[in-house]
Number of protein chains: 2
Amino acid sequence: MTFLPEARCSDPGCTDATRAVPAPFAEPRARLTAQRGTRRLQLSPKYGNGLREVDVSYAWHGAAGAPTVIVQGGISADRDVTALAGEAVSGWWHELVGEGAAIDLRHCRVLAIDWLTPAQLGTGSISSEDQADALVVLLAELRITRAYAFVGSSYGAMVGLAFASRHPLQVERLVLLAGAHRAHPLSTAQRSVQRGIVRLGQASGNVDEALALSRQLAITTYRGSAEFGRRFAGAPEFREDRFHFPVEDYLVHQGRRFVERFDADRFLALSESIDLHDVAPEQVPTPTTLIGFPSDRLVPLADLCELQRRLRGPATLEVVESPYGHDAFLKEPEQLAPLLREALA
Amino acid sequence: MTFLPEARCSDPGCTDATRAVPAPFAEPRARLTAQRGTRRLQLSPKYGNGLREVDVSYAWHGAAGAPTVIVQGGISADRDVTALAGEAVSGWWHELVGEGAAIDLRHCRVLAIDWLTPAQLGTGSISSEDQADALVVLLAELRITRAYAFVGSSYGAMVGLAFASRHPLQVERLVLLAGAHRAHPLSTAQRSVQRGIVRLGQASGNVDEALALSRQLAITTYRGSAEFGRRFAGAPEFREDRFHFPVEDYLVHQGRRFVERFDADRFLALSESIDLHDVAPEQVPTPTTLIGFPSDRLVPLADLCELQRRLRGPATLEVVESPYGHDAFLKEPEQLAPLLREALA
């Protein structure tokens, strides 16, 4: 896939480059556009008083004039859903979004935003509804009448439900992976401990170490039990005055990497936003495909069963076996591809 | 059950009261003795050099002259297995140990120790083998040729396996609840984060708050997912500048209670001891009854299946359905009683 610069966005609110490129091998040759920008939008946040102006950063890639598919991931994902040649962007879902991929950029345009934070809204907390409202206002700004689909994973699935509940005319179908109408109380418990660790670090001047520890805890909730069992069965090593267990070294590494790219206040707010999320499935009329993983301990399959039963619109639940737990939405592209193709057909 | 003071322990190493009491309603009337004491014993700790002297605190209650049953619980349990009238002791397993209970003090004497710590041994770490060795030396001190049974739960089950592996002639049967030959790497991950929290607190002068947070995390691993779901489905409350979730208030309460009765260094050492535990089941010839809980996420049932398959001696696995997860060994006395009676018959 080669992107050649062709045009600049004419909209003054669009700060980044906009490109229209020919897709060399596609038949018929789709004209692909790749747009990354920031728009100043007006929102009424759930936990604020009245209208606020906020800058929303987005990416909108795919076949010019094709239907738009919103794609949103977990709280640590961003608008860079797919890899773009010539940009230092890996794309957190590049195996599933691209030319010829399950979400095929030759036939649709993928729109995604960077999650908003309370700091941007001038509020203390942020809701999944606020994120949904930002997306719907952005659709209007980009002159998109309605999204062909909202494909959301984890927190993105929660925002998808909030979107369809509040703006049912602006989306035709939902595809929701590993996310439900509310957080499970055990998962809320695990996240509240994570937030407690970060607050303790903030109070004692050890923010980075606390954020890293908090991420370590999060990792223990994302991955499947069987995968941990297989990968980390080795013996501990004695060094630096104490025993270190193989899984501990892995967690420490993951924690450090997270601190390099994430901010404590952003983490606190988005983690809390998951636990504040509460959408009545009965208010969602949109046809929905749910995808769940039996090994997901963070979003139990039973909660997706309940969601399917309670949704107002037609809903199917696809169950995907995987050792990867909640992270299966990132780690099982081969199993997910046919399900996404079918849901978006 | 009434315990009347009758005699003092004649052994100079026995520091606490020893009582022999009549059991008023038992037929035939067993002479019950209740002894709490401390003995100075010699051990060769796994992570130390050579012999050390250590004070081991124990309790030994039940019918005089009856066979001795060792009963050990989790890392936060102590020698006070059962309630004794006239003492400020609740007994962490009082529903299952007593006159007429599943572990019937009219027909056996229950022996338990307070877990040793590295501080007592003068070592950096302590092993399940050290605890087992302390128990076997104590048996000799108390002139008990061999234990009729070792009934261990959680860490106590690990110590039971270490005991039977090292001292097979000193125990006739094992009854092991929610404990295996090694820790599951996911559980090691969760405990390593708990220890990381405590070390961060020690480094930054917030030990109590860190120990409480660490306990909060432990609680999320002890209880079943379904139980959390049922108890804590309510809405959050906004107070003191932020949202508080029902499960969070519960965890905060549990964390505070733990800090009142537990010490950070003791926690670090016993938590690590669980993860260092590694006994080859093939070296355990003792007839064994394993009891596991499908909802136990800390000690997966699959690990008990593997243990049963690999034990050298005859072994049965009893599976008990419960919503209480790992804590089912504390919360299901009615289901456990018949299994314990049968295993000890």
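You'll find the structure just up there.
As a convention, each chain's residues are numbered from 1 in the sequence order in which they are written. Naming scheme: in the order in which they are written, chains are lettered from A and ligands are numbered from 1. Totals for whole chains, interfaces and linings use all residues, but because this is a predicted model, local features are given only for residues with pLDDT of at least 70 and pairs of side-chain atoms are given and counted only at 80 or more. For the side-chain quantities, the full set of heavy atoms in the structure was used; hydrogens and water were omitted.

## A short note on the relation of the copies chain A and chain B
For the record, the criterion: For the least-squares superposition of copies, only C-alpha atoms count, and only for residues with pLDDT at least 70 in both. Contact criterion: two residues are considered in contact whenever any of their non-hydrogen atoms come within 4.5 Å of each other.
Taken as rigid bodies, chain A and chain B are interconverted by a rotation of 180 degrees and an axial shift of 0.0 Å, the fit giving an RMSD of 0.0 Å. With respect to symmetry, the two chain copies, as superposed, fit the operation of a two-fold axis. Among all C-alpha atoms of chain A, that of A:Ser204 lies closest to the rotation axis, at 3.1 Å. Same-surface contact between copies: 100% of interface residues of chain A are shared with the interface of chain B.

## Looking at the pattern of salt bridges
Residue and element names in this part refer to chain A. Put simply, the rule reads: Only one rule defines a salt bridge in this text: a Lys or Arg side-chain nitrogen within 4 Å of an Asp or Glu carboxyl oxygen. Note on conventions: DSSP H or I runs of at least 4 residues are helices, E runs of at least 2 residues are strands, and numbering of each starts at the N terminus. Three labels apply to residues, based on accessible area from a 1.4 Å probe with only protein chains included: buried if under 20% of the type maximum, exposed if over 50%, partly exposed otherwise in between.
Tallied over the full model, the rule gives 46 salt bridges over all chains. Put simply, Asp 55 and Arg 40 hold a salt bridge, and the shortest N to O gap is 2.9 Å. With Asp 55 in strand 3 (residues 52-63) and Arg 40 in strand 2 (residues 31-43), this pair connects stretches of sequence that are 15 residues apart. The class for Asp 55 is partly exposed, based on a relative accessible area of 33%. Look at Arg 40 and you get exposed, because its relative accessible area is 53%. Between Arg 182 and Glu 306 there is a salt bridge; the shortest N-O distance is 3.8 Å. Of the two residues, Arg 182 is situated in the loop between strand 9 (174-177) and helix 4 (185-204) and Glu 306 in helix 9 (residues 301-310); the sequence distance between them amounts to 124 residues.

## Overview of the packing of helix 4 of chain A against helix 8 (residues 264-276) of chain A
The relative placement of two packed helices is expressed as an angle between their axes plus a distance between the axes. Residue and element names in this part refer to chain A. Condition: For helices, the fitted axis covers only the stretch in contact; all axes are lines through C-alpha atoms, and the angles between them, taken along N-to-C directions, range from 0 to 180 degrees. Orientation is classified from the angle alone, with under 35 degrees giving roughly parallel, over 145 giving roughly antiparallel, 65 to 115 giving roughly perpendicular, and any other angle giving oblique. Left-handed is the label given to a crossing in which the near helix is rotated counterclockwise from the far helix by less than a right angle, and right-handed is the label when the rotation is clockwise.
Relative to each other, helix 4 and helix 8 sit at 155 degrees, their axes nearing to 10 Å. Regarding the angle of helix 4 to helix 8, the classification is roughly antiparallel. Where helix 4 crosses over helix 8, the handedness of that crossing is left-handed. Touching Thr 188, Arg 191, Gln 194, Arg 195, Val 198, Arg 199 and Gln 202 of helix 4 are Ala 264, Asp 265, Phe 267, Leu 268, Ser 271, Glu 272, Ile 274 and Asp 275, all from helix 8.

## Description of the interface of chain A and chain B
Rules: Summed over both partners, the accessible area lost on bringing two parts together, with a 1.4 Å probe, is the buried area.
At the junction of the two partners, chain A supplies 39 residues and chain B supplies 39 residues. Of the roughly 3300 Å² buried at the junction of chain A and chain B (both faces included), carbon and sulfur atoms supply 75%. For the chain A face of the interface with chain B, the top three residues by lost area are A:Leu186, A:Leu200 and A:Phe245, together amounting to 18%. Viewed at the interface, chain B and chain A are joined by two salt bridges.

## Considerations on unusual backbone geometry
All names here are of chain A. The phi angle at Ser 154 is positive, at roughly 60 degrees, despite the residue not being glycine. Mapping Ser 154 onto the fold places it in the loop between strand 8 (149-153) and helix 3 (155-166). We classify Ser 154 as buried; its relative accessible area is 13%. With a phi angle near 70 degrees, Asp 241 is a residue other than glycine that sits in the positive phi range. Tracing the backbone through its elements, the reader meets Asp 241 in the loop between strand 10 (237-239) and strand 11 (242-244).

## Points about the environment of A:Leu200
Among the secondary structure elements, A:Leu200 is positioned in helix 4. Here the alpha-carbon distance between A:Leu200 and A:Arg261, two residues 61 residues apart in the chain, equals 20 Å. Those residues within four positions of A:Leu200 in sequence are excluded, and the remaining contacts are B:Asn206, B:Glu209, B:Ala210 and B:Leu213.

## Some remarks on the environment of A:Arg256
Residues and elements named next belong to chain A. Secondary-structure assignment places Arg 256 in helix 7 (residues 246-261). The class for Arg 256 is exposed, based on a relative accessible area of 57%. With 110 residues separating them in the primary sequence, Arg 256 and Arg 146 have C-alpha atoms 40 Å apart.

## Some details on the pairing of strand 3 (residues 52-63) of chain B
Residue and element names in this part refer to chain B. To be explicit about the condition: Between any two strands, pairing holds if DSSP finds at least two bridges.
Across the 12 residues that make up strand 3, a large majority, nine, are buried. Sheet topology note: the strand 2 (residues 31-43)/strand 3 ladder contains 12 bridges and is antiparallel. Its bridge partner lying in strand 3, Gln 42 is registered against Glu 53. Pairing analysis gives five bridges linking strand 3 to strand 7 (residues 109-113), with the strands arranged antiparallel. Opposite Tyr 58, over in strand 7, you have Ile 113 as the bridge partner.

## Let's talk about the environment of B:Gly325
Residue and element names in this part refer to chain B. Looking at where Gly 325 falls in the secondary structure, it is placed in the loop between strand 13 (315-319) and helix 10 (328-331). Since its relative accessible area comes to 0%, Gly 325 is described here as buried. Expressed as a C-alpha distance, the spacing of Gly 325 and His 107, which sit 218 residues apart in the sequence, is 31 Å. Ignoring anything within four residues of it in the chain, the contact list for Gly 325 reads Tyr 222, Arg 223, Gly 224, Phe 293, Ser 295 and Asp 296.

Honestly, that's just the spatial picture; any functional story needs more than this.
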